[in-house]
Amino acid sequence: METKKVKVNKIGSVLKNMGLYDEVYVSMNANLSEGDILVVQALEEHEKYGDIELVDGTFSKIRKDDLIIGVLGERKALAGIVGIVPKKIKDEGVLHILNIGGVIGKAVSWNKDFVESPIPVKIIGNVIVQNQKLNIHDHIQKLDLNLNKISPLIVVMGTAMNVGKTTATTNIIAALTKKLKLNVAAAKLTGIAAQKDIIAMKNAGAKEVISFLDIGICSTINHHGLVVPAAKTLLNKLSCNNPDVIVVELGDGIIGWYGVDKLLNDDEFANTVRFNVMCAHDLVGAKGAFDMLNKLNIKIDFFAGPVTNNTAGTDYLEHILKVPSGDLRHDTSKLLKIIKTKGVIKYD
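Computed from a predicted model, the values in this text were never measured in an experiment.

Quick notes on the overall build of the chain
- Of the regular secondary structure elements, the chain holds eight helices and 19 strands.
- C-alpha atoms of the chain, sized along the principal axes, occupy 65 × 40 × 35 Å.
- Residue burial in the chain is summarised as follows: out of 348 residues, 57% are buried.
- Between the centroid of the 42 positive side chains of the chain and the centroid of its 38 negative side chains there is a distance of 4 Å.

Here is the structure:
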């Protein structure tokens, strides 16, 4: 296999566990497949949606002609880019940066409120190690099919992207750690590779944080068969250190492309959850989520997100749906009281 050495400018955070350096060997391979680790060259630079998250979690502006290492994959983001892995690479190998973590694919649609246009990139070649092309999926860890003894579990989910899930998650973690002095672990169980959410959880006070990326899965979009065992593996890992409570976020919405529905339909997972927080943008979304989960015999214990920004939302949620609610950005006392009343955690 003919290879050449290249020195890259940036390595996307999707590759944080791969141990790559800024000098790698590459070879052009006509049979590209999802998960392949590629070196690409940025053909443009953009002010809007123009950064990449690096392996250390910091952000760096993508400059024209930057050589970047990323992973070939797909994305379906309502508030971002929809991209695919094309069956054939045309147009001289031009693809696009699909997310901040460095997932690369062919952009087919995007939300212009968030993305003026995706950054186009030219494929330089596959990253080669020991005469073999690297594919991130070859490094997926052995996954657990069942849960072990799990610490008390709080799940934060939402009706879609950008409905306040990470904000709710980090405020819950901060309240549990700073107000109650509890040992909290945290995870993101579904979504696409990026570190910003789990770094936010760490900064909020979680002692240990982990995501699907830490067991070798760069996105849960095309890996629905792995979503449930991956989640159980992550929960088992976190529980090994006996935290007082585990707080997890389910990326994307309860209806979407990233496998959240697979988790909600898994009886073992659903029955392990001690407290469910639902984030919604408006009352239609909140009512839809309430009805959908009710059919699955899953109870929403608390509503958060923009729907709780004032009493126009909370009055309906609490008096019609009979579910407690609140804007966790400003007050977590009601949430903590309910968690204690339900016996999820114990504190003085």
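A closer look at empty space enclosed by the protein
- The full count for this structure, using the stated rule, is one cavity of 30 Å³ or more.
- What the largest cavity holds in volume is close to 50 Å³.
- Around the largest cavity, the lining residues are Y49, D51, I81, I97, N99, I100, P118 and I119.
- Classifying every residue of the lining of the largest cavity gives six nonpolar, one polar and one charged.

Some remarks on the pattern of salt bridges
- Within the structure shown, the criterion is met by 16 salt bridges.
- One salt bridge connects K7 with D22, and the closest N-O pair in it is separated by 2.9 Å. Linking K7 in strand β1 (residues 4–7) with D22 in the loop between β2 (10–11) and β3 (23–27), this pair joins segments that are 15 residues apart in sequence.
- For D22, a relative accessible area of 36% corresponds to the partly exposed category.
- Three or more residues joined by partner-sharing salt bridges are found here, namely K188, K196 and D197.

Here we look at the pairing of strand β18 (residues 273–279)
- The element β18 is largely enclosed, with a buried count of six among its seven residues.
- With six bridges joining them, strand β14 (residues 153–158) and β18 adopt parallel strand pairing. Each bridged residue has a counterpart across the sheet, and for V155 the counterpart in β18 is N276.
- As paired strands, β18 and strand β19 (residues 302–304) are joined by three bridges and run parallel to one another. Directly across from V277, in β19, lies its bridge partner F302.

Here's the deal with the sheet that holds β18
- Taking strand neighbours across the sheet as the criterion, the six strands line up as β16-β15-β17-β14-β18-β19 in an open arrangement whose pairing is parallel. Two strands bound the open sheet, and with one partner strand each, they are β16 (208–211) and β19. Sheet twist, expressed as the average angle between the axes of neighbouring strands with direction ignored, equals 20 degrees.
- Relative to β16, helix α2 (residues 196–204) is tilted by about 165 degrees, and along the sheet it contacts β15 (184–190), β16 and β17 (245–250).
- Sheet strands touched by helix α3 (residues 224–239): β14, β15, β16 and β17. Its angle to β15, the strand with the most contacts, is close to 170 degrees.

Observations regarding the packing of aromatic side chains
- Per the counting criterion, the structure on display carries zero aromatic pairs.
- Directly above the ring of W257 sits K76, whose terminal nitrogen or CZ lies 3.5 Å from the centroid.

Thoughts on unusual backbone geometry
- Even without being a glycine, D65 presents a positive backbone phi close to 80 degrees.
- The residue D65 is located in the loop between β6 (59–61) and β7 (67–72) in this model.
- On the basis of relative accessibility, which here comes to 42%, the residue D65 falls in the partly exposed class.
- The residue N242 is not glycine, and still its phi comes out positive at about 55 degrees.
- Residue classification places N242 among the exposed positions, given a relative accessible area of 60%.

Topic: the layout of surface pockets
- Roughly 610 Å³ of volume is contained in the largest pocket.
- In terms of lining, the largest pocket is formed by 30 residues, of which the most central are R75, M161, K188, K196 and D197.
- Within the residue set of the lining of the largest pocket, elements represented by two or more residues are β8 (75–76), α1 (165–179), β15 and α2.
- Its residues assigned to classes, the lining of the largest pocket shows twelve nonpolar, ten polar and eight charged.
- Of the voids in this model, the second largest pocket is the one considered here, and its volume is about 250 Å³.
- Residues that form the lining of the second largest pocket fall into these classes: seven nonpolar, four polar and five charged.

Describing the side chain of N135
- Take N135: it is sitting in the loop between β13 (132–133) and β14.
- In this structure N135 comes out as buried when scored by relative accessible area, which is 8%.
- Within polar-contact distance, the side chain of N135 engages the backbone oxygen of E34 at 3.0 Å.
- Among the polar contacts made by the side chain of N135, one reaches the side chain of D36 at a distance of 2.8 Å.
- If we ignore the near neighbours within four places in the chain, the residues touching N135 are S33, E34, G35 and D36.

Reading guide: rules and limits
- Numbering of residues starts from 1 in each chain and follows the order in which that chain's sequence is written.
- It should be noted that, the model being predicted, local features are given only for residues of pLDDT at least 70 and side-chain atom pairs only at 80 or more, the latter also being counted only at that level, while totals for whole chains, interfaces and linings use all residues.
- The side-chain quantities take in all heavy atoms of the structure and omit both hydrogens and water.
- Every helix listed is a DSSP run of H or I at least four residues long, and every strand listed is a run of E at least two residues long, numbered separately from the N terminus.
- With a 1.4 Å probe rolled over the protein chains alone, any residue whose accessible area is under 20% of its type maximum counts as buried; one over 50% counts as exposed, and the rest are partly exposed.
- Residues scored as charged are limited to Lys and Arg (positive) and Asp and Glu (negative), so that His and the chain ends carry no count.
- We put the charge of a Lys on NZ, of an Arg on CZ, of an Asp on CG and of a Glu on CD.
- Computed over the protein atoms alone on a 1 Å grid, cavities are sets of points where a 1.4 Å probe fits but cannot get out and pockets are open sets with protein on both sides within 12 Å along at least five of seven lines; a residue lines them when it has an atom within 4 Å of a point.
- Grid points are joined across faces, edges and corners, and a volume is the space filled by probe spheres set on the points.
- All amino acids are sorted into three groups, where Ala, Val, Leu, Ile, Met, Phe, Trp, Tyr, Cys and Pro are nonpolar, Asp, Glu, Lys and Arg are charged, and the leftover types, Gly among them, are polar.
- The term salt bridge refers to a side-chain nitrogen of Lys or Arg lying within 4 Å of a carboxyl oxygen of Asp or Glu.
- When DSSP locates at least two bridges between a pair of strands, those strands are taken to pair.
- Only the stretch in contact is used when a helix axis is fitted, and all axes are lines through C-alpha atoms; the angle between N-to-C directions ranges over 0 to 180 degrees.
- Only heavy atoms matter for contacts: two residues are in contact if any of them lie within 4.5 Å across the pair.
- Note on aromatic pairs: the rings of Phe, Tyr and Trp (six-membered ring only in Trp) are paired at centre separations within 6.5 Å, and the planes decide the class, stacked below 30 degrees, edge-to-face beyond 60, tilted for the rest.
- We count a charge as sitting over a ring when the NZ of a lysine or the CZ of an arginine lies within 6 Å of the ring centre and within 35 degrees of the ring normal.
- Polar contact criterion, stated in full: a pair of N or O atoms within 3.5 Å, where within protein one must be able to donate a hydrogen and the other to accept it, and residues adjacent in sequence count only if both atoms are side-chain atoms.

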